[in-house]
Amino acid sequence: MMRVACASTAQYRTCKFHLMADYPRRLRSVLGLGHYKTDTASLIVGSKPPRMPMSCRSILFRFNDSSSSSSSTKDDADVMAEECGGETVALGAEEGALRSRIDGSRPADGYILTIFRWPRHVPCETVGVKGSFDGWTHEFPLERLGPGKDWSCGLMLPPGRVHFKYVVDGRYVTSPSEPVINESCGTYNNLRLVYPSAHFSWPTALLAGSDIAVVGEWDYWQRPLKLLPTGTSKGKAASKHTLDCCLPPGNFKFHFVVDGETRVLPSQDKQIGPVLKVPQAPAIRLFYATGWNEPKLKGRWLGQDGLPLTDWQEFDFHETTARCADRSDTVLGGKCWKYAIVDCCTFMTSAYHDGIKPDELEFIPFDPETGAEDRPGHGGVYTCSFPGGYKLTSGTIRPFNQACEPPMMLVSDIDGTLVGHEAHGVDSTARFGKYWEDRAALTGSFLVYNTGRSLGQVVGLLEHMKGVLPIPDAIISAVGTKIFLLDRERGHRGSTSGSSWHEDMDWAHSLDEGWDLHIVRQTANAAIQEYSQDKVNWLDDGTEHPHRIALSVHVDSLDAVSQLIHTRLEKDGINFKLISSGTMDWRYLDCVSGNAGKHAALEHIRTMYGVALDRCVAAGDSGNDILMLEGPNPAIVVGNAQQALVEWVVQQPQDGRIVVTDATVADGVLEGLCRHQLY
């Protein structure tokens, strides 16, 4: 039995209580022996704990003082261990203890500052987060430092997996930028593996400073994270300041803030700034092609000596974002992809805290309904090394390293890039579709179509090429003036119907700044009157797309018409862009809001989904794709590109950011992804 002493900071009274269930020896490795203080409680961890059933791994502290936000009505503090929906609940604490100590007070050893972020691009008034970290008891509010900023908060959590959801204006929603899993009860939650994915260190003894923080792209430079002094001794200042925290995977620029001044380490590039590469949490990520509706996995960890470290445990397989329903039965033999994430903290092995780390996982998938098992052809069990990503199909397990990388995003034109007009083009699109559903979509990557087609035309094309052309997560249309997001129907891409879309109104509202459709129409009409309809004609007067008008202009008058419109709109103080495209005698001339554009829309979606810049690639085949290809992100120009685009590429720096492929249409996109090492 463990004895815990706790004290309320409001009344500083001490109460003693006993643990209501046995607790794991793992607790000592998370907290260590000693006395730990938080805002609302102190915890003493003693020695010689008894062994605990592996499923019981959550300890929740509650107090009934007026300073506490707990809803508990008990007079004395209690400790509870609980299990939720077959998924273990991570070590939790009362709200004040979970709130991040960004102000600089030291957290209990073993706790990790974990950042939760909700993108600013989703219009809302309030955002909170609830999860298994405290048994879904409290809603922790996210804050933003001003208009146009992301919502974020930091919670102190111990290592392990947590299931959570955001509460946006009172509605429970999942974030598309983090893994979404289907629970056994039918709901969908986000999944986070909490571990110290990022380490920051400032050598105070060498570079001085007393108030040290770090800011970066992980929450778009919004919230400074406090580094704490370490290496102190009696009468001596700290030798360095450090911080371990859990950040989302990706590559992020950052800098230190030392006593209010921006600093970088001498070894870091002052012009570009340091870049932090945050990997996926160490785990085994297994993708399984199966015809079973709700398979499970039973497995156990093995040490380097090949001996078991744990007993056999069961794990759920979850749905993936791959769309199996859209594909013919010949692709996977009527099977669909499922995936399981197995991490060390899930097993709570008693050997792990003694330094014996797992080396392999041996496992057997099985069907709970029939009891049938999937074993290798030679019998026995499957084995795979820890950590790593793997695919299991037809009795064969293969490495799948992409599963261990952060998600990527492909923003591609459709016509001439992903879809050709000859038989070869259709075959090429089918090869791309198979790649996307069998690789990229499995790992939560995002597909965006940046096209001149209207939403109705894109939906019609998707229906016509169902099972060949993949359904995207988002559509950019009307020269970057409209963004449509796939309606996830409270699930994810793989679980939705794929036929329902909604406009991103936050993007639409951002285009209003400095734009006046009435004045733009008057100016375009003036150009038509001056040059006659033999030279200029209306294509779109803004009725369908209020942040864009489109003209058809003969090439002989293109420069003069462009100059007239530019001069008059600039005089009227309109925020606008003029975009010309086409290769024939008649060219397209679009006038759009100055905040719009294909690349601006790309950046909006990239930041909304939290994809790192170097993992967002654009692909196109014509001159009107230049606006999304000229940004700092990787780019692909397919082998069948129009000559005007190729000539533009020749004039660009030849630094490898833009690749021109030998393969054409969708095969060229696949080649480009390989050459950018994003395949």
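Note that this is a predicted model, so its numbers are computed, not measured.

If you trace the backbone, Trp221 turns up in the loop between β18 (212-216) and β19 (225-226). Taking C-alpha positions, Trp221 is 9.4 Å from Asp150, a pair spaced 71 residues apart along the chain.

Examined against the element boundaries, Phe432 turns out to sit in helix α6 (residues 423-440). Assessed through its relative accessible area of 0%, Phe432 is described here as buried. Sequence separation of Phe432 and Leu469 is 37 residues, and the distance between their C-alpha atoms is 7.8 Å. Filtering out sequence-adjacent residues up to four positions away, Phe432 remains in contact with Leu410, Leu418, Leu447, Pro470, Ala666, Val669 and Leu670.

The eight strands lie next to each other as β38-β37-β36-β35-β34-β43-β44-β45, forming an open sheet whose pairing is mixed. In this open sheet, the two edge strands, each paired with only one partner strand, are β38 (501-503) and β45 (658-660). Averaged over neighbouring strand pairs, the angle between their axes works out to 20° when direction is ignored. As paired strands, strand β35 (residues 446-450) and strand β36 (residues 474-477) are joined by three bridges and run parallel to one another. When the bridges of β36 are listed, Val448 appears paired with Ala474. The strands that helix α13 (residues 643-650) touches are β43 (616-620), β44 (635-637) and β45; relative to β45, the one it contacts most, it runs at about 135°. Packing of helix α14 (residues 665-675) onto the sheet brings it into contact with β34 (409-412), β43, β44 and β45, and relative to β44 it is tilted by some 140°.

Summing up the model confidence of the protein, the mean pLDDT is 81 and the portion of residues at 70 or higher is 79%. The low-confidence segment residues 99-106, where pLDDT is below 50, has 24 contacts with residues more than four positions distant or belonging to other chains. Low pLDDT, under 50, characterises residues 346-353; the predicted model gives this stretch 29 contacts beyond four residues in sequence or across chains.

A word on the pairing of strand β21 (residues 240-246). Buried residues dominate β21, accounting for five of its seven residues. Sheet topology places strand β9 (residues 112-118) next to β21; two bridges connect them, and they run parallel. The residue bridging Thr114 from the neighbouring strand is Cys246, located in β21. Across five bridges, the pairing between strand β17 (residues 198-202) and β21 is antiparallel. Paired with Phe200 across the strands is Leu243, a residue of β21. Here strand β20 (residues 228-230) pairs with β21 via three bridges, running antiparallel.

Structurally, Phe576 is set in strand β41 (residues 576-581). The class for Phe576 is buried, based on a relative accessible area of 15%. The spacing of Phe576 and His566 is ten residues in sequence and 8.6 Å in space, taken between C-alpha atoms. If we skip the residues at most four places from it in the chain, Phe576 touches Trp515, His566, Leu569, Glu570, Cys591, Val592, Ser593 and Gly594.

Here we come to unusual backbone geometry. In this chain, Phe386 is followed by Pro387 through a cis amide linkage whose omega measures -15°. Residue placement: Pro387 occurs in the loop between β31 (382-385) and β32 (388-393). One non-glycine residue, Ser394, lies in the positive phi region at around 50°. Of the residues examined, Ser394 reaches a relative accessible area of 67% and is grouped as exposed. Even without being glycine, Ala478 reaches a positive phi, approximately 55°. Along the chain, the position of Ala478 falls in the loop between β36 and β37 (482-486).

Definitions and cut-offs
- Residues numbered from 1 in each chain as written.
- Predicted model: local features only at pLDDT ≥ 70, side-chain atom pairs only at ≥ 80, totals over all residues.
- Heavy atoms only, no water.
- Helix = DSSP H or I, 4+ residues; strand = E, 2+ residues; numbered from the N terminus.
- Buried < 20%, exposed > 50% of the residue type's maximum accessible area, 1.4 Å probe, protein only.
- Contact = heavy atoms within 4.5 Å.
- Pairing = 2+ DSSP bridges.
- Axes fitted to C-alpha atoms, helices over the stretch in contact; angles between N-to-C directions.
- pLDDT = per-residue confidence, 0-100.

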